[in-house]
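The chain contents come next:
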Amino acid sequence: MEDAIVLYPAPGIGHVVSMTELGKLILRRYSHRFSITILLAPGPFDTPATTSYIDHISQTNPSISFHRFPYLSVDTSSSTRSQFAVMFEFIRLSASNVLQSLQQLSRASTIRAFIIDYFCASALPAARGLGIPTYYFLTSGAASIAAVLYFPTIHKQTESSNKSFKDMPTTFIHFPGVPPLQATRMLEPWLNRDDPGYDDMLYFSELLPKSDGLVMNTFDDLEPIAIKTIREGTCVPNGPTPPVYCIGPLLADTAEDESNIAGNKARHGCLSWLDTQPSQSVVFFKQIAVTADVDLDALMPEGFLERTKDRGMVVKSWAPQVAVLNHPSVGGFVTHCGWNSVLEAVVAGVPMLAWPLYAEQHLNKAALVEVMKMAIGVEQRDEDMFVSGAEVERRVRELMECEEGRELRERSRKMREMALAAWKDGGSSTTALAKLVDVWNQD
């Protein structure tokens, strides 16, 4: 029987793309050893973008096969549970389909590894019951993963108060290897202790150390402190930490993939506009999500579009972010601090302004600004996370015109070289993947 690697992403285009890129990476380097199967759980979280992307991958990467579960319906309109809790219930209900799929695939192949998303922890017992080595693929940075591993300890430390983190504005949470984080800016599903999603996240964190390994989308030179802290076992004080494999930066590898996610294959007009701008003169803002039929004149300050038409460009919907960041006219990136965006900026060598919104983004900001020194942070009001126009102007000028910005630009250039070196022969990520494959071949 052939040797197979089975991947299981959580619902959502971002999770599917990240897991697919991992499959493509394995095939690029070890196609002679493994086949790749990706399990998909169709349900109410699917979008046309997900379908378009999967169709594109199926056509362009025939060595990757998708194994779809039966469609599963779940009530997404709950007023008593967060959307995170609803998604976690959906994944939990899919566990029986995971078991059946692994049993079916095992009859035709030897499954050398089952790699799951952090949110798919309910699949771990099923795979372990079948004797299949199970790993997590963690698409956040090492700082976030250190916090996630330590979360059960934080839960015990704060359990007696019975207060939710969202109600503790003056409290700062201390994680190993990570800057202290204001409690109200914790990972979003952790904020409300009364939401079922909180208990799910606690369960996910408790199962992480029980896996056979943690595959992380980062690289040694980017986050040496957080990675060292995890490997030393500090984040799991009451048990062993599984082996850690840093195999990043792992991103969508072509502009074609990026455009297929959006269903748009033509060269975007913003790239033509960038062609006319001086080198490193443009700041790229990715901050506002709007619907396709929104009235931009109503959304923006009065007269804004007219005043800035000769100096800037407002893109109403999707833009090819990787292509934009790698364009020579772009000199700065205002980012919400999602980890994929961070890695794209690192690989492009573009300095960042950190303006987090939700999920783990506040933690990413703290690590980027205070530890990695890869970004300048914007100040946000505690009560509503509002950022003033004056603050945005001050920080943009700092990034583009001041000495701190010049130093940040030089560090970004050096980190880009380190990111590229990680995937060269003998690089840290190349070596980590080789070690992982050696383990799979021994099992």
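Our structure's up above, just so we're on the same page.
Figured I'd write up the structure that's included with this text. These figures come from a predicted structure and were not determined experimentally. (Residues numbered from 1 in each chain as written. Predicted model: local features only at pLDDT ≥ 70, side-chain atom pairs only at ≥ 80, totals over all residues. Heavy atoms only, no water.)

1. A look at the overall build of the protein
Phase 1: When its secondary structure is counted, the protein shows 18 helices and 13 strands.
Phase 2: Relative to the compact-globule value of 22 Å for 443 residues, the protein shows a C-alpha radius of gyration of 22 Å, a close match.
Phase 3: For the C-alpha atoms alone, the extent of the protein along its principal axes is close to 65 × 55 × 45 Å.
Phase 4: Residues classed as buried in the protein amount to 54% of the 443 residues present.
Phase 5: Accessible area of the protein: about 19700 Å², with a carbon and sulfur share of 52%.
Phase 6: The averaged location of the 51 negative side-chain charges in the protein is 4 Å from the averaged location of its 39 positive side-chain charges. (Helix = DSSP H or I, 4+ residues; strand = E, 2+ residues; numbered from the N terminus. Rg over C-alpha atoms; globule rule 2.2 N^0.38 Å. Buried < 20%, exposed > 50% of the residue type's maximum accessible area, 1.4 Å probe, protein only. Areas by Shrake-Rupley, 256 points an atom, 1.4 Å probe, with all protein chains shown as cover. Lys, Arg positive; Asp, Glu negative; His and termini not counted. Charge placed at Lys NZ, Arg CZ, Asp CG, Glu CD.)

2. Brief notes about the nonpolar core
Phase 1: One finds Y8, F114, F165 and W190 to be the most contacted residues of the largest nonpolar core, which totals 98 residues.
Phase 2: A total of 10 residues in this core trace back to one element, the largest contributor, which is helix α6 (residues 142-158).
Phase 3: Ignoring sequence-local partners within four residues, the contact set of F114 consists of V6, Y8, L39, V98, L102, A123, A127, I132, P133, T134 and Y135.
Phase 4: Judged by nonpolar contacts, the second largest core, of 33 residues, contains V16, L25, I38 and I54. (Core = buried A, V, L, I, M, F, W, Y, C linked by side-chain atoms within 4.5 Å. Contact = heavy atoms within 4.5 Å.)

3. Re the environment of V330
Phase 1: Among the structural elements, V330 can be located in strand β11 (residues 330-335).
Phase 2: Along the sequence, V330 and S281 sit 49 residues apart, while their C-alpha atoms lie 6.0 Å from each other.
Phase 3: Sequence-distant contacts of V330, that is, excluding residues within four places in its chain, are made with L274, Q280, V282, F284, V324, L325 and V350.

4. Quick word on the pairing of strand β5 (residues 134-138)
Phase 1: For β5, a buried count of 5 out of 5 residues is recorded, marking the element as mostly surrounded by other parts of the structure.
Phase 2: Of the two faces of β5, the one holding T134, Y136 and L138 and the one holding Y135 and F137 are both buried throughout.
Phase 3: Here strand β4 (residues 109-117) runs beside β5; their pairing, made up of 4 bridges, is parallel. Paired with I115 across the two strands is Y135, which belongs to β5.
Phase 4: Regarding topology, helix α5 (residues 124-129) serves as the crossover connection from β4 to the parallel β5, and that connection is right-handed.
Phase 5: Pairing geometry for β5 and strand β8 (residues 213-216), over 4 bridges, is parallel. Across the sheet, residue F137 finds its bridge partner in β8, namely V215. (Pairing = 2+ DSSP bridges. Right-handed = clockwise from strand over helix to strand, strands pointing away.)

5. Focus: the sheet that holds strand β1 (residues 2-8)
For sheets, the rule is that strands pair by backbone hydrogen bonds, running either parallel or antiparallel.
Phase 1: Strand order in the open sheet formed by 7 strands is β3-β2-β1-β4-β5-β8-β9, and the pairing between neighbours is parallel. The outermost strands of the open sheet, each flanked by one partner alone, are β3 (64-68) and β9 (244-246). In this sheet, neighbouring strand axes are inclined to one another by 25 degrees on average, regardless of whether the strands run parallel or antiparallel.
Phase 2: The strands touched by helix α18 (residues 428-442) within the sheet are β1, β4, β5, β8 and β9, with β9 carrying the most contacts at an inclination of about 135 degrees. (Axes fitted to C-alpha atoms, helices over the stretch in contact; angles between N-to-C directions.)

6. Notes on the packing of aromatic side chains
Phase 1: For the structure on display, the rule yields 17 aromatic pairs.
Phase 2: Here Y118 and F204 contribute two aromatic rings whose centre-to-centre distance is 5.6 Å and whose plane-to-plane angle is 80 degrees, an arrangement assigned as edge-to-face. Highlighted residues: Y118 in the loop between β4 and α5 and F204 in helix α7 (residues 196-207), separated in sequence by 86 residues.
Phase 3: Residues F175 and W190 carry aromatic rings whose centres are separated by 6.2 Å and whose planes lie at 45 degrees to one another, so their mutual orientation is tilted. In this pair, F175 is assigned in the loop between β6 (172-173) and β7 (181-182) and W190 in the loop between β7 and α7, connecting sequence segments 15 residues apart.
Phase 4: Judged by relative accessible area, which is 5%, F175 ranks as buried.
Phase 5: Through a chain of ring-to-ring contacts, three or more aromatic side chains come together here, namely F84, F88, Y118, F119, Y203 and F204. (Phe/Tyr/Trp six-rings, centres within 6.5 Å; stacked < 30°, edge-to-face > 60°.)

7. Quick notes on the side chain of K365
Phase 1: Inspection of the secondary structure puts K365 in helix α15 (residues 361-371).
Phase 2: Buried charged residue K365 carries no salt bridge. Nearest counter-charge: E391, at 7.4 Å.
Phase 3: In this structure the side chain of K365 is engaged in a polar contact, spanning 2.8 Å, whose partner is the backbone oxygen of V378.
Phase 4: Aside from chain neighbours lying at most four places away, what touches K365 is C337, A354, P356, G377, V378 and Q380. (Salt bridge = Lys/Arg side-chain N within 4 Å of Asp/Glu carboxyl O. Polar contact = N/O pair within 3.5 Å; in protein donor to acceptor, adjacent residues only side chain to side chain.)

8. Description of α15
Phase 1: In terms of residue burial, α15 counts as a mostly covered element, since 8 of its 11 residues are buried.
Phase 2: Among the residues of α15, those classed as buried are Q361, H362, L363, N364, K365, A366, A367 and L368.
Phase 3: Residues of α15 that are buried make contact with α6, β7, α14 (339-348), β12 (352-354) and β13 (375-377).
Phase 4: Where α15 ends, the next residue or the one after it, K373, has phi of about 55 degrees, a positive value.

9. Here we look at helix α3 (residues 83-93)
Phase 1: All of the buried residues along α3 are A85, V86, M87, F88, F90 and I91.
Phase 2: Residues of α3 that are buried in the fold lie against β1, α4 (95-108) and α7.

10. Examining the sheet that holds β13
Phase 1: Spatially, the 4 strands line up as an open sheet ordered β10-β11-β12-β13, and their pairing is parallel. The open sheet terminates on both sides in strands that have one partner only, identified here as β10 (282-285) and β13. Neighbour-to-neighbour, the strand axes of the sheet open up by a mean angle of 25 degrees, direction not taken into account.

11. What about the state of the cysteines?
Phase 1: For the structure on display, the rule yields 0 disulfides.
Phase 2: Of all cysteine sulfurs, the one in C235 lies closest to C246, which takes part in no disulfide; the gap is 12 Å.
Phase 3: A relative accessible area of 1% means that C246 is categorised as buried. (Disulfide = S-S within 2.5 Å.)

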